[in-house]
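Structural overview
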Amino acid sequence: MTDRNGMHSPAGDLIFDPEADRLHEECGVFGIYGHPDAAAITALGLHALQHRGQEAAGIVSFDGKRFHSERALGLVGDTFSDLATIERLQGANAIGHVRYATTGATILRNVQPLFAELESGGFAVAHNGNLTNGLTLRRQLVRDGAICQSTSDTEVILHLVARSRKRRFMDRFIDALAQIEGAYSLVAMTNKKLIGARDPLGIRPLVLGDLDGRPIFASETCALDIIGAKFVRDVENGEIIVASEDGIESIKPFKPVPARPCIFEYIYFSRPDSIVHGRSVYDVRKRMGAELASESPIDADVVIPVPDSGVPAALGFAQAAGIPYELGIIRNHYVGRTFIQPTQSVRELGVRLKHSANRSVVAGKRIVLIDDSIVRGTTSVKIVQMMRDAGAKEVHFRISSPPITHPDYYGIDTPERDKLLAATHTLEEMRAYIGCDSLAFLSVDGIYRAMGEARRNDACPQFTDHCFTGEYPTPITDLVGEGPKQQLSMLAEVG
């Protein structure tokens with residue numbers, strides 16, 4: 001049986017898929033208010049956010065009278081590079097979404113933005129994150145007579161807004177947010193407003209930008225850069241920002257708590273050229289590499305990144321250690337998700353579809369491989385063996401984050417705990433499994449130092465870091481009882 005990461009064939013043989021051994025962000029969101037080219041600009045913004053989700057994309061626009069929706073499976077460019085598609089998305093207001101499915105399968109009815117007709121008019125919403133009580137709320141809504149059209153936790157927000165007894169729309173929206181738990185950065189649109197909102201801890205990112213006086217919301221600043229917009233500020237944790245013909249309004253309806261943004265935005269998810277909460281992602285990743293060199297030095301000839309996510313950390317490690325940096329692994333950028341090869345012998349070649357050794361750099365050298373994380377470890381095994389096959393004299397592995405010992409429930413697609421290598425193996429067992437000569441991870445305090453903090457404040461952690469510490473910052477309500485294993489839909493869809 002094949003699990004959703006494609007790790008086993010019907011015969012039980014291991015299928016190597018490099019993407020199955022990476023962490024995946026759930027999605028990215030974008031919205032713009034009052035621009036005549038709203039849909040085209042939204043499509044460009046989604047292009048910049050494509051790294052946050054590659055399984056589906058969608059845009060909803062509003063022309064003053066009607067809402068228009070285009071949603072499709074695949075990459076942004078597969079659908080929204082077509083002029084006819086953009087022209088169908090009429091109006092000066094638009095929101096968009098790129099998706100990597102964690103809650104709900106990758107089927108068209110789950111592709112966002114989701115849209116509903118409410119008493120007050122149309123309402124569209126795009127969501128980055130994951131609701132940790134979404135399934136619990138959904139079961140209650142269905143018991144009360146709600147009809148769910150998707151298996152996405154985002155639909156719960158639509159129902160909660162629709163069922164609120166408050167009179168004003170914003171009060172109904174706030175009422176809905178007060179009932180949900182977990183991580184959310186939302187971009188929503190009504191016939192009068194564009195809305196951006198973050199959960200009280202600010203786990204997932206969201207920024208406010210400006211393009212010629214028109215407000216923009218985006219998951220990352222790189223989406224502002226691609227359209228020439230100015231960064232205004234981060235949407236604060238627990239804040240709702242409303243853009244309308246009356247201007248910009250900030251609402252903070254919840255009791256203030258210290259922000260705890262997700263540390264993995266800096267380690268892996270955000271694009272290196274983004275600025276997240278005032279920190280350059282690229283600079284932080286280089287500092288992680290430098291901290292790693294300080295904590296776990298090694299006598300070696302060359303530092304080699306595992307592309308692409310290991311590149312900034314490898315640069316920082318090499319500079320701090322005084323060891324030459326070289327591209328010892330070349331990545332093929334023109335390969336999609338690895339196909340399932342027909343025989344075991346051919347499957348063993350699968351890693352070379354995406355990575356190949358630069359033999360002239362590797363042969364006869366003591367090398368330090370730098371990667372950002374280890375999940376299942378299957379990719380690491382293949383990469384180390386590739387280096388040995390290319391003639392490496394020694395292979396030392398250094399990871400620019402702490403060991404991942406706990407799964408995520410806030411929008412990162414992680415395996416269950418018993419599938420996480422660091423949760424089931426000691427450091428020496430991991431080293432032996434991967435096949436490297438030495439293995440070391442950055443410490444938790446080391447990653448906090450790279451973030452500019454003296455250390456982790458255990459009494460009030462500055463970041464959401466549960467994957468390393470097991471300390472979840474919100475209740476995980478859906479884990480009680482049947483939780484996320486419950487079947488959400490009896491409808492199977494093809495294509």
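Remember, it's a predicted structure, so these values are computed and weren't measured experimentally. (Residues numbered from 1 in each chain as written. Predicted model: local features only at pLDDT ≥ 70, side-chain atom pairs only at ≥ 80, totals over all residues. Heavy atoms only, no water.)

1. Topic: the overall build of the protein chain
Helix and strand content of the protein chain: 17 helices and 23 strands. A separation of at least 24 residues holds for 68% of the contacts in the protein chain among residues at least 6 apart in sequence. When the accessible surface of the protein chain is summed, it comes to about 19900 Å², and 52% of that surface belongs to carbon and sulfur atoms. (Helix = DSSP H or I, 4+ residues; strand = E, 2+ residues; numbered from the N terminus. Contact = heavy atoms within 4.5 Å. Areas by Shrake-Rupley, 256 points an atom, 1.4 Å probe, with all protein chains shown as cover.)

2. Topic: the packing of aromatic side chains
With the rule as written, the count across this model stands at 11 aromatic pairs. Plain terms: the ring middles of Phe264 and Phe468 are 5.3 Å apart, the flat faces sit at 40° to each other, and that makes the pair tilted. Here Phe264, found in helix 8 (residues 264-269), pairs with Phe468, found in helix 17 (residues 466-469); they are 204 residues apart in sequence, far enough to count as distant. Phe468 sits in the buried class, given a relative accessible area of 11%. When the centroid spacing of 5.6 Å and the interplanar angle of 45° are considered together, the rings of Tyr409 and Tyr472 count as tilted. Highlighted residues: Tyr409 in the loop between strand 21 (394-399) and strand 22 (412-413) and Tyr472 in the segment after helix 17, separated in sequence by 63 residues. Its relative accessible area of 25% is what places Tyr472 among the partly exposed residues. (Phe/Tyr/Trp six-rings, centres within 6.5 Å; stacked < 30°, edge-to-face > 60°. Buried < 20%, exposed > 50% of the residue type's maximum accessible area, 1.4 Å probe, protein only.)

3. Some points on the packing of helix 9 (residues 281-295) against helix 10 (residues 311-321)
Look at helix 9 against helix 10: their axes get within 6 Å of each other, and the N-to-C directions meet at 45°. By the angle between their axes, helix 9 is oblique relative to helix 10. Of the two elements, helix 9 crosses helix 10, and the hand of that crossing is right-handed. Across the interface between the two elements, Tyr282, Arg285, Lys286, Gly289, Ala290, Leu292 and Ala293 from helix 9 touch Pro312, Ala313, Leu315, Gly316, Phe317, Gln319, Ala320 and Ala321 from helix 10. When grouped by side-chain class, the residues that make up the contact of helix 9 with helix 10 number 10 nonpolar, three polar and two charged. (Axes fitted to C-alpha atoms, helices over the stretch in contact; angles between N-to-C directions. Parallel < 35°, antiparallel > 145°, perpendicular 65-115°, else oblique. Left-handed = near helix turned anticlockwise from the far one by under 90°. Nonpolar A, V, L, I, M, F, W, Y, C, P; charged D, E, K, R; others polar.)

4. Brief notes about the pairing of strand 10 (residues 207-211)
As a general feature of sheets, a regular strand has side chains that alternate between the two faces. Of all five residues making up strand 10, five are buried, and the element is well covered by its neighbours. What you see with strand 10 is no split at all: Val207, Gly209 and Leu211 on one side and Leu208 and Asp210 on the other are buried throughout. Where strand 10 lies against strand 11 (residues 214-218), five bridges are found, and the strand directions are antiparallel. Note that in strand 11 the partner of Val207 across the bridge is Ala218. (Pairing = 2+ DSSP bridges.)

5. Re unusual backbone geometry
For the peptide bond that leads from Gln112 to Pro113, omega is 5°, which places it in the cis range. Mapping Pro113 onto the fold places it in the loop between strand 5 (93-99) and strand 6 (114-118). In this structure, the amide linkage connecting Pro307 to the following residue, Asp308, adopts the cis form with an omega of -5°. Mapped onto the elements, Asp308 comes out in the loop between strand 17 (302-305) and helix 10. With a phi angle near 55°, His277 is a residue other than glycine that sits in the positive phi range.

6. Quick look at the sheet that holds strand 12 (residues 230-234)
Here seven strands make up an open sheet; going across it, the order is 4-3-5-2-11-10-12 and the pairing antiparallel. Edge positions in the sheet fall to strand 4 (67-73) and strand 12, since each of these pairs with one other strand and no more. Within this sheet the neighbouring strands show an average axis-to-axis angle of 15°, counted without direction. In this sheet, strand 5 lies alongside strand 3 (residues 56-62) in antiparallel orientation, the contact comprising seven bridges. The partner of Ala56 across the bridge, within strand 5, is Arg99. Against the sheet, helix 1 (residues 38-48) makes contact with strand 2 (27-32), strand 3, strand 5 and strand 10, and its axis sits at roughly 25° relative to strand 5, the strand it touches most.

7. Digging into helix 6 (residues 169-177)
In terms of residue burial, helix 6 counts as a mostly covered element, since seven of its nine residues are buried. Among the residues of helix 6, those classed as buried are Phe169, Met170, Arg172, Phe173, Ile174, Ala176 and Leu177.

8. Quick notes on the nonpolar core
Among the nonpolar cores identified, the biggest contains 39 residues, and Phe264 and Met288 are the most heavily contacted of them. Counting only elements with at least two residues in this core, the list comes to helix 8, helix 9, helix 10, strand 20 (366-371), helix 16 (444-450) and helix 17. If one sorts the elements of this core by residue count, helix 9 sits on top with five residues. Within the second largest apolar cluster, 29 residues are counted, among which are Ala116, Leu118, Leu131 and Val161. (Core = buried A, V, L, I, M, F, W, Y, C linked by side-chain atoms within 4.5 Å.)

9. Comments concerning the side chain of Thr190
Structurally, Thr190 can be placed in strand 8 (residues 182-190). Judged by its relative accessible area of 6%, Thr190 is buried. From its side chain, Thr190 meets the backbone nitrogen of Lys192 in a polar contact 3.1 Å long. Setting aside residues no more than four positions away along its own chain, Thr190 makes contact with Phe62, Phe67, Gly122, Phe123 and Phe169. (Polar contact = N/O pair within 3.5 Å; in protein donor to acceptor, adjacent residues only side chain to side chain.)

10. Focus: the sheet that holds strand 20
Pairing is parallel across the open sheet formed by four strands, whose spatial order is 17-20-21-23. Only two strands of the sheet have a single neighbouring strand rather than two, namely strand 17 and strand 23 (438-441). For this sheet, the mean inter-axis angle between neighbouring strands, taken without regard to orientation, is 20°. Across six bridges, strand 20 lies against strand 21 in parallel orientation.

11. Structural notes on the pattern of salt bridges
The tally for this structure, following the rule as stated, stands at 23 salt bridges. Salt-bridge contacts for Glu220 lead to Arg52; the nearest nitrogen and oxygen are separated by 2.6 Å. Note that Glu220 is positioned in the loop between strand 11 and helix 7 (222-227) and Arg52 in the loop between helix 1 and strand 3, a separation of 168 residues in sequence. Owing to a relative accessible area of 1%, Arg52 belongs among the buried residues under this scheme. Put simply, Glu70 and Arg88 hold a salt bridge, and the shortest N to O gap is 2.7 Å. Placement of the pair is Glu70 in strand 4 and Arg88 in helix 3 (residues 83-88), with a sequence separation of 18 residues. Residue Glu70 is classed as buried on the basis of its relative accessible area of 17%. Taking relative accessible area as the criterion, Arg88 reaches 43% and is therefore assigned partly exposed. Each of Arg260, Arg455, Arg456, Asp458, Asp465 and Glu471 takes part in salt bridges that share partners, so that together they form one network. (Salt bridge = Lys/Arg side-chain N within 4 Å of Asp/Glu carboxyl O.)

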